[in-house]
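In case you want the letters, here they are:
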Amino acid sequence: MGRKSKKAQRRRVAKQTSVAFPNKLPFQASKPVAENATKQATHEPATPLADGAWSTGLRTKYMMLGKAEWWWLFDDALAQIAQRLQRENFVILDGFLDQSMSVELHEELVRAYKAGKLPETRHSMVGCPRMQPGALAGGQAGTSLTYRMNAVRGDHVAWFDGKEEACQWHVLPKYLQRMDTLVSELAALVPNLARTGALRSNAMATCYPGNGAHYVRHCDNTSTIQNGRRLTALFYANPLWTPGHGGELRMFAPQPADLEENERVYVPLADIPPTLGRAVLFFADERCPHEVLPASMMRFAVTVWYFDEEEKLAANKLKNDAARAEADAARTRREMEKFKAKYGEAPEILGQRQEENEVPEVDSDDGEPPSLLHGAATLRNHQISTQRKVQD
Ligand SMILES: O=C(O)CCC(=O)C(=O)O
Ligand SMILES: [Fe+2]
């Protein structure tokens, strides 16, 4: 396909949405989790706590070159990130943003969360989207039946493009630009990400408000749903996190896509604390079942999904397909029944998905690549050339 027609196709996606095996497991696996296993009563981790210690040497090296905050952007770091992602299906990046930016992003998220709790007239951020309890399901195109159930998913969320003036963002747009840069670099190194990097979701800001809020084990995409999500990028902003606060991201071993649910055995691989400045990247499909363990304190994160262009275009084409929407809705109704029987909580049915969660592309005819890639390349070139000067 020619560049122009590809670009036109991308633009159509934006219009339609109105706003883009491992050899060895990394951590020692503990006992498989049976389907009905009850949650642990204590905060003892069931699996080893996982951190980003693998990058300490790299971070020290780039700190000494005055490039601490860009450590992940250099060729040796990118090669390791790509290698880990391919070998383990997920990778932890500590210090993705430096301490002061991370603290500031935490403050921005707290501000947005608090503003959403006040009546419109009583805060200074009128027009900043309110964080609401997160929705479930939505089907392939995201436009089918959705529902809420606190026992399944207990976070509050809102979607942001980082340009909302009312929200007074400062760090969020910088974070997005950096993550876009990283993912567009990885797209050139990881074959499975080859069609990723031009389309992504907006940023989903989340707060698990404590009191045991959690998100049960799930995959962000599956071979049945095919919603286009290829890579999940998380950033955690919790300055005072300690193990007693819970809210770890538990990663499970990959699932063969062709196994029925009752044949699956979920082996926990690692519990990842949601500590300040930490980013986690993982494949959005059955390679990475995951859950958020109960949080006893407020827990803030930003999630972005990078889409496989082809899969996302196919999913969007089915937006107005009544038969597909009904098949998705039927599956969602079965899921709701299952959860209702398991947790005894009635779902709140929302109907069609409310959020507009995809990023529009710049509408230009001048042959420029999509804004996302363009901004990302510029950022990398700038940082790398500065670094070369430092080394020369
Ligand atoms: O916040 C996290 O650590 C993960 C959240 C999650 O799995 C999701 O929103 O799909
Ligand atoms: Fe998830």
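Just so you know, these numbers come straight off a predicted model, no measurement behind them.

1. Some remarks on the packing of helix α2 (residues 56-64) against helix α3 (residues 75-88)
- It is the contact of α2 with α3, at a shortest axis distance of 11 Å, that shows an interaxial angle of 160 degrees. Classified by the angle between their axes, α2 and α3 sit roughly antiparallel to one another. Remark: the crossing between α2 and α3 carries left-handed chirality. For the pair α2 and α3, the contacting residues are Leu58, Lys61 and Tyr62 in the first and Asp76, Ala77 and Gln80 in the second.
- Partitioned by chemical class, the residues of the contact of α2 with α3 number three nonpolar, one polar and two charged.

2. With respect to the pairing of strand β11 (residues 279-283)
- Of all five residues that make up β11, five are buried, and the element is covered over most of its length.
- Across four bridges, strand β1 (residues 90-93) lies against β11 in antiparallel orientation. Within β11, the residue paired with Leu93 across the bridge is Ala279.
- Pairing analysis gives five bridges linking strand β8 (residues 229-236) to β11, with the strands arranged antiparallel. Across the sheet, residue Leu234 finds its bridge partner in β11, namely Val280.

3. Comments concerning the coordination of the iron ion (ligand 2)
- Those protein atoms acting as donors to the iron ion (ligand 2) are His218 (NE2), Asp220 (OD) and His290 (NE2), and they sit at 2.0 to 2.2 Å.
- One chain supplies every donor to the iron ion (ligand 2), and in sequence these donors are spaced H-x1-D-x69-H. Residue His218 is found in strand β7 (residues 213-218), and its partner His290 is found in strand β12 (residues 290-295); the two are separated by 72 residues along the sequence.
- Relative accessible area serves as the criterion here: at 17%, His218 is assigned to the buried category.

4. Looking at the pattern of salt bridges
- Under the counting rule described, the total for this entry stands at 17 salt bridges.
- Among the ionic pairs, Arg153 bridges to Asp155, the shortest N-O distance being 2.8 Å. Across the pair, exposure class does not vary: Arg153 and Asp155 are buried alike.
- A salt bridge links Arg195 to Glu310; its shortest N-O distance comes to 4.0 Å. Placement of the pair is Arg195 in the loop between α5 (172-187) and β6 (203-209) and Glu310 in helix α6 (residues 309-317), with a sequence separation of 115 residues.
- Residue classification places Arg195 among the partly exposed positions, given a relative accessible area of 38%.

5. Details of the packing of aromatic side chains
- In the structure shown here, the tally under the stated rule is eleven aromatic pairs.
- Both rings, one in Tyr62 and one in Phe74, keep their centres 4.3 Å apart while their planes meet at 10 degrees; by these two values the pair is stacked. Of this pair, Tyr62 sits in helix α2 while Phe74 sits in the loop between α2 and α3, and the two are twelve residues apart along the sequence.
- For Tyr62, a relative accessible area of 4% puts it in the buried group.

6. Observations regarding the state of the cysteines
- A full pass over the atoms with the stated rule returns one disulfide.
- Sulfur-sulfur distance for the disulfide between Cys128 and Cys167 comes to 2.2 Å. Disulfide Cys128-Cys167: the torsion about the S-S bond is 110 degrees, which places it as right-handed. Of the two residues, Cys128 sits in the loop between α4 (99-117) and β2 (132-133) while Cys167 sits in the loop between β5 (156-160) and α5, which places them 39 residues apart along the sequence. Summarising the burial analysis for this pair, Cys128 and Cys167 share the class buried.
- Not part of a disulfide, Cys219 finds its nearest cysteine sulfur in Cys288, a span of 8.0 Å.

Cut-offs and rules
Residues numbered from 1 in each chain as written. Chains lettered and ligands numbered in written order. Predicted model: local features only at pLDDT ≥ 70, side-chain atom pairs only at ≥ 80, totals over all residues. Heavy atoms only, no water. Axes fitted to C-alpha atoms, helices over the stretch in contact; angles between N-to-C directions. Helix = DSSP H or I, 4+ residues; strand = E, 2+ residues; numbered from the N terminus. Parallel < 35°, antiparallel > 145°, perpendicular 65-115°, else oblique. Left-handed = near helix turned anticlockwise from the far one by under 90°. Contact = heavy atoms within 4.5 Å. Nonpolar A, V, L, I, M, F, W, Y, C, P; charged D, E, K, R; others polar. Buried < 20%, exposed > 50% of the residue type's maximum accessible area, 1.4 Å probe, protein only. Pairing = 2+ DSSP bridges. Donors = N, O, S within 2.8 Å, 3.2 Å for Na, K, Ca; no water. Salt bridge = Lys/Arg side-chain N within 4 Å of Asp/Glu carboxyl O. Phe/Tyr/Trp six-rings, centres within 6.5 Å; stacked < 30°, edge-to-face > 60°. Disulfide = S-S within 2.5 Å.

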